[in-house]
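Topology and contacts: notes
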Amino acid sequence: AQTVTQSQPEMSVQEAETVTLSCTYDTSESDYYLFWYKQPPSRQMILVIRQEAYKQQNATENRFSVNFQKAAKSFSLKISDSQLGDAAMYFCAYKVVDMRFGAGTRLTVKP
Amino acid sequence: ETGVTQTPRHLVMGMTNKKSLKCEQHLGHNAMYWYKQSAKKPLELMFVYNFKEQTENNSVPSRFSPECPNSSHLFLHLHTLQPEDSALYLCASSQEGRNNEKLFFGSGTQLSVL
């Protein structure tokens, strides 16, 4: 069975600093997709960044980037220059047929 | 706005009530999903509809009954629920088959079962 593990239930970062959220997953597949979603207090899940497993280059989206280590089955999210609006729950997800999620990391941004 | 609308936003119901959650997507997608989100647990995939046909049912109790009358609408009918069914229920949609693998989510229905 596919499992996604986020080992950090909560993280905190100072505004303008950098923070890294961890994610590992378990799969026997070689072709799949990985995602990071953000869920602010409004509850709506918003896609932050997406990575295809067959691509070696790490995805980046402005201040958000990933460190994808396929052999280690690791997919961490780095947020640079953290902003107050980055405070939210962050979910790592994995998809072959259906999307499966981790339990989430609550990120607090301190002014 | 992601193009996926869920109603109601909040719902309180007794264990003997019957209610329905509604989801509508305005994105022209061909797949829709129900997820259950409980505190400190991974999102649980409940049902998947692809081209209006149910393709997955993850051992969900029969007190949850999905309905997908067309590719834009998805319902979750609830009856005889238990207090442990209290959770945030999220609807999502996607366009499968075009290498566009991401899901678009609604804002969820926060359900409380008394």
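Just so you know, these numbers come straight off a predicted model, no measurement behind them. (Residues numbered from 1 in each chain as written. Chains lettered and ligands numbered in written order. Predicted model: local features only at pLDDT ≥ 70, side-chain atom pairs only at ≥ 80, totals over all residues. Heavy atoms only, no water.)

1. Digging into the overall build of chain B
Along chain B, the regular secondary structure elements total zero helices and 11 strands. Radius of gyration (C-alpha) of chain B: 13 Å, near the 13 Å computed for a compact globule of 114 residues. Considered along the principal axes of its C-alpha atoms, chain B spans approximately 40 × 25 × 25 Å. A total of 114 residues make up chain B; the buried ones form 48% of that total. (Helix = DSSP H or I, 4+ residues; strand = E, 2+ residues; numbered from the N terminus. Rg over C-alpha atoms; globule rule 2.2 N^0.38 Å. Buried < 20%, exposed > 50% of the residue type's maximum accessible area, 1.4 Å probe, protein only.)

2. So, the interface of chain A and chain B
How big an interface is tends to be reported as the loss of accessible area on association of its parts. At the interface, 19 residues of chain A touch 30 residues of chain B. For the pairing of chain A and chain B, the buried interface totals around 1900 Å² over both sides, and the portion due to carbon and sulfur atoms is 46%. A per-residue breakdown of the area chain A buries against chain B is headed by Arg43, Gln44 and Phe101 of chain A, which together make up 33% of the total. For the pair chain A and chain B, the interface holds zero salt bridges. Where chain A packs against chain B, one counts eight residue pairs in polar contact (both at pLDDT 80 or more). (Contact = heavy atoms within 4.5 Å. Buried area = accessible area lost by both parts, 1.4 Å probe. Salt bridge = Lys/Arg side-chain N within 4 Å of Asp/Glu carboxyl O. Polar contact = N/O pair within 3.5 Å; in protein donor to acceptor, adjacent residues only side chain to side chain.)

3. Let's talk about the pattern of salt bridges
All names here are of chain A. Going through the model one piece at a time under the given rule, you end up with six salt bridges over all chains. With its nearest N and O atoms 3.2 Å apart, the salt bridge here joins Glu52 to Arg50. Owing to a relative accessible area of 8%, Glu52 belongs among the buried residues under this scheme. According to the relative accessible area criterion, Arg50 is partly exposed, its value standing at 23%. The salt bridge partner of Glu52 is Lys55, with a shortest N-O separation of 3.8 Å. Residues joined by salt bridges that share partners form a network here, namely Arg50, Glu52 and Lys55.

4. Considerations on the environment of Phe75 of chain B
All names here are of chain B. Among the structural elements, Phe75 can be located in strand 8 (residues 73-79). By relative accessible area, which is 21% here, Phe75 ends up partly exposed. Placed 51 residues apart in sequence, Phe75 and Glu24 show a C-alpha to C-alpha distance of 8.7 Å. Setting aside residues up to four positions removed in sequence, Phe75 forms contacts with Leu21, Lys22, Trp34, Ser65, Pro66, Glu67 and Pro69.

5. Some details on the packing of aromatic side chains
In this structure the tally under the stated criterion is 13 aromatic pairs over all chains. Judged by centre distance (5.9 Å) and plane angle (75°), the ring pair of Phe101 of chain A and Phe105 of chain B falls under edge-to-face. In this pair, Phe101 of chain A sits in strand 11 (residues 99-101) while Phe105 of chain B sits in strand 10 (residues 104-105), so the two residues belong to two different chains. With centroids separated by 5.8 Å and ring planes inclined at 35°, the aromatic side chains of Phe64 of chain B and Tyr89 of chain B adopt a geometry described as tilted. Of the two residues, Phe64 of chain B is situated in strand 7 (residues 64-70) and Tyr89 of chain B in strand 9 (residues 87-94); the sequence distance between them amounts to 25 residues. The two residues Phe64 of chain B and Tyr89 of chain B agree in class, both being buried. Of the aromatic side chains, those joined through ring pairs into one cluster are Phe35, Tyr37 and Phe101 of chain A together with Tyr33, Tyr35 and Phe105 of chain B. (Phe/Tyr/Trp six-rings, centres within 6.5 Å; stacked < 30°, edge-to-face > 60°.)

6. Things to note about the nonpolar core
Of all hydrophobic cores here, the largest spans 25 residues; its most connected members are Tyr25, Trp36, Phe75, Leu77 and Tyr90 of chain A. Those elements that place two or more of their residues in this core are strand 3 (19-21), strand 5 (33-39), strand 6 (46-52), strand 8 (64-69), strand 9 (74-79), strand 10 (88-95) and strand 12 (105-110) of chain A. Looking at this core element by element, the count peaks at four residues for strand 10 of chain A. Residues Val60, Cys68, Leu78 and Leu81 of chain B belong to the second largest nonpolar core, which totals 22 residues. (Core = buried A, V, L, I, M, F, W, Y, C linked by side-chain atoms within 4.5 Å.)

7. A look at the pairing of strand 11 (residues 109-113) of chain B
Residues and elements named next belong to chain B. Judged by which residues are buried, strand 11 turns out to be one-sided: Thr109, Leu111 and Val113 face inward and are buried, whereas Gln110 and Ser112, on the alternate face, are not. Here strand 2 (residues 10-13) pairs with strand 11 via four bridges, running parallel. Following the sheet pairing, Met13 is matched in strand 11 by Val113. One ladder, built from three bridges, connects strand 9 with strand 11; its direction is antiparallel. By the bridge assignment for strand 11, Tyr89 is matched with Thr109. (Pairing = 2+ DSSP bridges.)

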